[in-house]
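Coordinate analysis (summary)
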Amino acid sequence: MAEKIYFGSLKGGTGVTTVCVGLGLALADSGERTLIVDGDVTAACAMTVAGLGDYQVYTLADYEKGACRAKQAAFTHPKAQNLSIMPATGIKDLSVIKSAVKEIEGLYDYVLLDKAAAESCDLAVAVTEPYIPSLKSAGAFTAALSDGGAKDVRIIVNKLNGGQVAAGEVLSAQQISKLLRVPLLAQIPEDCTLPAGRWKQSTVAAFKVAANTLTGKKCDMYDVLKGYSGFNGFIKRKLRERI
Ligand SMILES: Nc1ncnc2c1ncn2[C@@H]1O[C@H](COP(=O)(O)OP(=O)(O)O)[C@@H](O)[C@H]1O
Ligand SMILES: [Mg+2]
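A few points on the structure. The shown structure was predicted, so the numbers you read here are calculated from the model rather than taken from an experiment.

Moving on, we come to the site of ligand 1. Taken together, 13 residues sit near ligand 1, with Val16, Thr17, Thr18, Asn158 and Asp191 positioned nearest. A distance of 2.9 Å separates an oxygen atom of ligand 1 from a polar atom in the side chain of Thr17. Here ligand 1, which alone exposes 570 Å², has 77% of that area covered by the protein. Cavity membership is defined here by more than half of the atoms lying within 2 Å of grid points; on that basis ligand 1 lies in the largest pocket. For the shell around ligand 1, the secondary-structure elements that each account for two or more residues are α1 (16-29) and β7 (153-160). Ranked by the residues each element gives to the shell around ligand 1, the list is headed by α1, at three residues.

Now for the sheet that holds β7. Pairing in this open sheet of eight strands is mixed, and the strands run β3-β4-β2-β5-β1-β6-β7-β8 from one edge to the other. In the strand order of this sheet, the two ends are held by β3 (75-76) and β8 (184-189), each with one partner. As defined by bridge partners, strand β1 (residues 3-8) adjoins strand β6 (residues 123-128) across four bridges and the pair is classed as parallel. Residue pairing in the sheet places Tyr6 in a bridge with Ala124 of β6. With respect to the sheet, α1 is in contact with β1, β2 (34-38), β4 (83-87), β5 (110-114), β6 and β7, its orientation differing from that of β5 by roughly 170 degrees.

Our next topic: the pairing of β4. For β4, the buried fraction is high: five of the five residues fall into the buried class. Where burial is concerned, the two faces of β4 agree: the one with Leu83, Ile85 and Pro87 and the one with Ser84 and Met86 are both buried. Of the strand pairs in this sheet, β2 and β4 are connected by five bridges, and their pairing is parallel. Its bridge partner being in β4, Leu35 is matched across the sheet by Ser84. As paired elements, β3 and β4 share two bridges and run antiparallel to each other.

The subject of this paragraph is the pattern of salt bridges. When charged atoms on two side chains of opposite charge get close, those side chains can pair. Within the structure shown, the criterion is met by six salt bridges. As a salt-bridge pair, Asp29 and Lys208 come within 3.0 Å of each other at their nearest N and O atoms. In this pair, Asp29 is assigned in helix α1 and Lys208 in helix α8 (residues 201-215), connecting sequence segments 179 residues apart. Note on Asp29: relative accessible area 58%, which makes it exposed. Relative accessible area serves as the criterion here: at 28%, Lys208 is assigned to the partly exposed category. What you see here is one network of salt bridges that share partners, running through Lys11, Glu129 and Lys159.

Rules used throughout
- Residues numbered from 1 in each chain as written.
- Chains lettered and ligands numbered in written order.
- Predicted model: local features only at pLDDT ≥ 70, side-chain atom pairs only at ≥ 80, totals over all residues.
- Heavy atoms only, no water.
- Near = heavy atom within 4 Å.
- Polar contact = N/O pair within 3.5 Å; in protein donor to acceptor, adjacent residues only side chain to side chain.
- Areas by Shrake-Rupley, 256 points an atom, 1.4 Å probe, with all protein chains shown as cover.
- 1 Å grid on protein atoms, 1.4 Å probe; cavity = no way out; pocket = protein on both sides within 12 Å on 5 of 7 lines; lining within 4 Å.
- Sits in = over half its atoms within 2 Å of the grid points.
- Helix = DSSP H or I, 4+ residues; strand = E, 2+ residues; numbered from the N terminus.
- Pairing = 2+ DSSP bridges.
- Contact = heavy atoms within 4.5 Å.
- Axes fitted to C-alpha atoms, helices over the stretch in contact; angles between N-to-C directions.
- Buried < 20%, exposed > 50% of the residue type's maximum accessible area, 1.4 Å probe, protein only.
- Salt bridge = Lys/Arg side-chain N within 4 Å of Asp/Glu carboxyl O.

In structure tokens form, the structure reads like this:
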């Protein structure tokens, strides 16, 4: 049976889909058979974030109409064979997601549910940015997840800028976890190349650490402050003050 992990947020744009794809690629790279279910019925974009926007693919809407099997609605990444993505664009009945997952979850080690089928998950993860509106919404969201019966709730702090943390402009991931009283699963650095479809090495490394944490491999937590200590860090901080 696959471990099913729900990822969500109340506020839009915190990076739920990006986190699912980054983590999915990292898990797949570690040999874990991983399925991402993109639950956005109006504009599922996990395929685009994974660099597969131009590929023709069956979606869950075809499965709903009976035009394909659940397995066919899961598109295998050509460069990461352990990763499949199943977009929900156009489905009319949300219960279709649950039945499709049930049909094929045996083929995977991990199913990452991007704002889909929260009720069937083993672990629920709220994705938050380190900014105040996002934190307020993450607090409400994690409380709602616990009230809704989720037994294991954690947070991922995304878009964390080491320079801002070092300057005290935003809270660190650990401070956010303490404030929200929710265990920290991972911190992902701000990566200004992501909106253009690229992934910095440091971002890939942060997702690798997150994947190791999930699979129970021993590793140090990724630290966005790493480049901001010592002499180089001092120069970096000073330069930042001047810009
Ligand atoms: N770590 C990050 N650093 C910088 N930009 C990011 C990061 N994660 C996501 N983004 C950007 O934020 C925007 C929203 O991301 P997305 O994953 O679509 O959010 P959601 O699924 O929560 O709506 C996108 O433009 C994406 O490239
Ligand atoms: Mg999304």
